[in-house]
Amino acid sequence: TGGRGVAFPCTEEGILQAVSAGPGPHVFDCDELTTVVTGAEIAIDNDVILDGEERLTVDGDLDHRLFVVAEGVTAELRGFVITRGVAPLGGAIWNAGVLTLTNTTVSGSSAAEGGGIHNVKAGTMTLMNARVLENEADLGGGIFNDGTLTAVRTLVSENTAAGSGAGIVNERVLTLAGSTVSDNTAGGAGGGIFNVPGGD
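Conventions we followed
- Residues numbered from 1 in each chain as written.
- Predicted model: local features only at pLDDT ≥ 70, side-chain atom pairs only at ≥ 80, totals over all residues.
- Heavy atoms only, no water.
- Phe/Tyr/Trp six-rings, centres within 6.5 Å; stacked < 30°, edge-to-face > 60°.
- Helix = DSSP H or I, 4+ residues; strand = E, 2+ residues; numbered from the N terminus.
- Buried < 20%, exposed > 50% of the residue type's maximum accessible area, 1.4 Å probe, protein only.
- Arc of directions from axis to C-beta.
- Contact = heavy atoms within 4.5 Å.
- Polar contact = N/O pair within 3.5 Å; in protein donor to acceptor, adjacent residues only side chain to side chain.
- Disulfide = S-S within 2.5 Å.

Colleague: Got a minute to help me understand the packing of aromatic side chains in this structure?
Modeller: Pairs of aromatic rings are described using the distance from one ring centre to the other and the angle between the two planes. On inspection of all chains with the given rule, the structure shows 1 aromatic pair. Centre to centre, the rings of F28 and F80 are 6.3 Å apart; their planes meet at 70°, and the pair counts as edge-to-face. Residue F28 is found in strand β2 (residues 27–28), and its partner F80 is found in strand β7 (residues 74–83); the two are separated by 52 residues along the sequence. Just as F28 is buried, F80 falls in that class too.

The following block contains the structure:
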C-alpha cells in the first residue's frame, strides 16, 4: 500500500502507483541517483505526498508535460528533479490544485506560457527551497502565475522568455520570501518578474 517506510518501485509505474495509493508520504526504492523517463504526463488526482529523497529525476524527454495537478487536490512533491517537459501551458508542471514543491528542481522545460510551471487561477502553489532553472517560454520562462504563488528560499534563475517575464509572469498573487530571481533573460519586459497591470 505504500507509506512511510514502504517504498514504491523507482519507475514511472511506481510513481503512478504511489499517486493512486493516497496520502503518504510515499518514497521510492531508488538505490542511487535515478532518472525515470516517462511515457506520458502524470496526473495527480488524489491528495498525496511523494518524496523522491533527492535521488529521483523525472524526465519528459522533451515530449510531454511531467505533472498535472487537478483542482481540489492537495499534493506535495519533495526531493525531485523534474526536467525536460514540453506543453502549451506549464512545460513541466500545470497546477489547478494546492501544490507544494519542497527541495525540488524544475528545469530544462518549455511552453508557450510557463516554461517550467503554470499555476492557473484556481491553483495555490508554495515553493520551499526549490529551484526553477533554465526553462523557456514565450511568456513566463520559469513560472506563469495566474493563481496564488508563494516562494520561500527559492531560486528562479537562467530562464528565458521570448516576450515578457523571463523569471516569472505574475497575474494575481505572488509572495517572495528569502528568494532570488536572477540571471533571467526576456525579449520583452520583465527580465526577472513581469507583474501584469490590472492583475489581481
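Colleague: For this particular structure, what's the right way to read helix α1 (residues 12–21)?
Modeller: In an α-helix, one full turn covers 3.6 residues, which means residues spaced three or four apart are oriented alike. Every buried residue of α1 is listed here: G14, I15, A18 and V19. The buried side chains of α1 occupy one side of the element, clustering within an arc of 140° when seen end-on. Residues of α1 that are buried in the fold lie against β1 (7–8), β2, β4 (42–44), β5 (48–59) and β6 (67–69). G22, located one to two residues past α1, shows a positive phi value of around 100°.

Colleague: Explain the side chain of D51 here, please?
Modeller: Within the element layout of this structure, D51 appears in strand β5. At a separation of 2.8 Å, a polar atom in the side chain of D51 contacts the main-chain amide nitrogen of E53. Setting aside its immediate chain neighbours within four residues, D51 contacts H26, V27, F28, R78 and F80.

Colleague: Sorry, what's going on with the state of the cysteines here?
Modeller: By definition, a disulfide links the sulfur atoms of two cysteine residues through a covalent bond. Applying the stated criterion across every chain yields a total of 1 disulfide. Paired by a disulfide, C10 and C30 hold their sulfur atoms 1.9 Å apart. The S-S bond linking C10 to C30 shows a torsion near 90°; that makes this disulfide right-handed. Highlighted residues: C10 in the loop between β1 and α1 and C30 in the loop between β2 and β3 (34–37), separated in sequence by 20 residues. By relative accessible area, which is 14% here, C10 ends up buried.

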